[in-house]
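Observations on the model geometry
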Amino acid sequence: MSTGHAKVLVELRDRAAVDTLRPDPAAPTALSRDLDTNGFFVFTRDTGEEHLLTWSRMFAPAIGIHEDPVTGNGHGPLGAYLPRHGIVPAPGGRLSFTGRQGAALGRPGDVQVHVETGKDGELLVSVTGTAATAYRTELPV
């Protein structure tokens with residue numbers, strides 16, 4: 001799935017399966033080249049929490065990101081993918097949901113995903129959330 005940055009979306013059966021993944025960075029890096037993608041967004045809809053639709057992790061070692069704690073670059077394609085393939089209904093052409101990512105890294109964050117079907121059937125996706133500074137530095141020039 002791509003909304004500008006191609007991602008491979010992988011749905012697993014439950015939260016434990018997502019949380020216990022320990023990928024060897026070499027394998028997804030090689031697979032990224034073969035599939036012409038820059039990341040693997042692994043998710044489940046078995047969240048264990050009523051207000052969350054998805055629980056996820058994002059691996060992109062091919063571009064130097066072993067694991068991204070929270071990313072709109074994964075949730076955006078997911079937002080398009082779920083209604084496009086009839087996995088999650090979008091009544092009236094609209095879908096809004098909350099996804100959680102980063103729990104396995106001890107840095108959980110929630111992302112709100114909003115999808116609307118345009119007049120020509122095109123899916124318009126927006127991703128919102130709040131952020132916190134995790135690291136700050138100055139680089140002398």
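It should be noted that the structure appears before, not after, this text.
From a predicted model like this one, the values you see are computed outputs, not experimental measurements. (Residues numbered from 1 in each chain as written. Predicted model: local features only at pLDDT ≥ 70, side-chain atom pairs only at ≥ 80, totals over all residues. Heavy atoms only, no water.)

The next thing to look at is the packing of aromatic side chains. Applying the stated criterion across every chain yields a total of 0 aromatic pairs. Directly above the aromatic system of Trp-55 lies the positively charged group of Arg-15, at a separation of 3.8 Å from the ring centroid. (Phe/Tyr/Trp six-rings, centres within 6.5 Å; stacked < 30°, edge-to-face > 60°. Lys NZ or Arg CZ within 6 Å of the ring centre and 35° of its normal.)

Turning to helix α2 (residues 26-35), its buried residues number three or more, namely Pro-28, Thr-29 and Ser-32. For α2, the angular spread of the buried residues around the axis is 105°, confining them to a single face. Seen from the buried face of α2, the exposed residues on the opposite side, beyond 90 degrees, are Arg-33 and Asp-34. Elements that come into contact with the buried residues of α2 comprise β2 (40-44). Two residues or fewer after α2 comes Asp-36, characterised by a positive phi angle close to 55°. (Buried < 20%, exposed > 50% of the residue type's maximum accessible area, 1.4 Å probe, protein only. Helix = DSSP H or I, 4+ residues; strand = E, 2+ residues; numbered from the N terminus. Arc of directions from axis to C-beta. Contact = heavy atoms within 4.5 Å.)

Before going further, it helps to spend a moment on helix α3 (residues 72-84). If you check α3, its first and last C-alpha atoms are 18 Å apart, about what 13 residues at 1.5 Å a residue would give, namely 18 Å. Within the span of α3, buried status applies to Gly-74, His-75, Gly-76, Pro-77, Leu-78, Gly-79, Ala-80, Leu-82 and Pro-83. At the N-terminal end of α3, a side-chain oxygen is found 2.9 Å from the backbone nitrogen of Asn-73, two or three residues along, and the residue is Thr-71. Positioned one or two residues after α3, Gly-86 has a phi angle of 70°, which is positive. (Expected span 1.5 Å × (residues − 1). Polar contact = N/O pair within 3.5 Å; in protein donor to acceptor, adjacent residues only side chain to side chain.)

To continue, consider the nonpolar core. Phe-41, Phe-43, Leu-78, Leu-82 and Phe-97 are the most contacted members of the largest nonpolar core, which totals 15 residues. Elements represented by at least two residues in this core include exactly β2, β3 (54-60), α3, β5 (94-101) and β6 (109-117). Discounting residues that sit within four places of it in the chain, Phe-97 has contacts with Leu-53, Thr-54, Leu-78, Gly-79, Leu-82, Val-111, Gln-112 and Val-113. One finds Val-18, Leu-52, Trp-55 and Phe-59 within the second-largest nonpolar core, a separate group that totals 5 residues. (Core = buried A, V, L, I, M, F, W, Y, C linked by side-chain atoms within 4.5 Å.)

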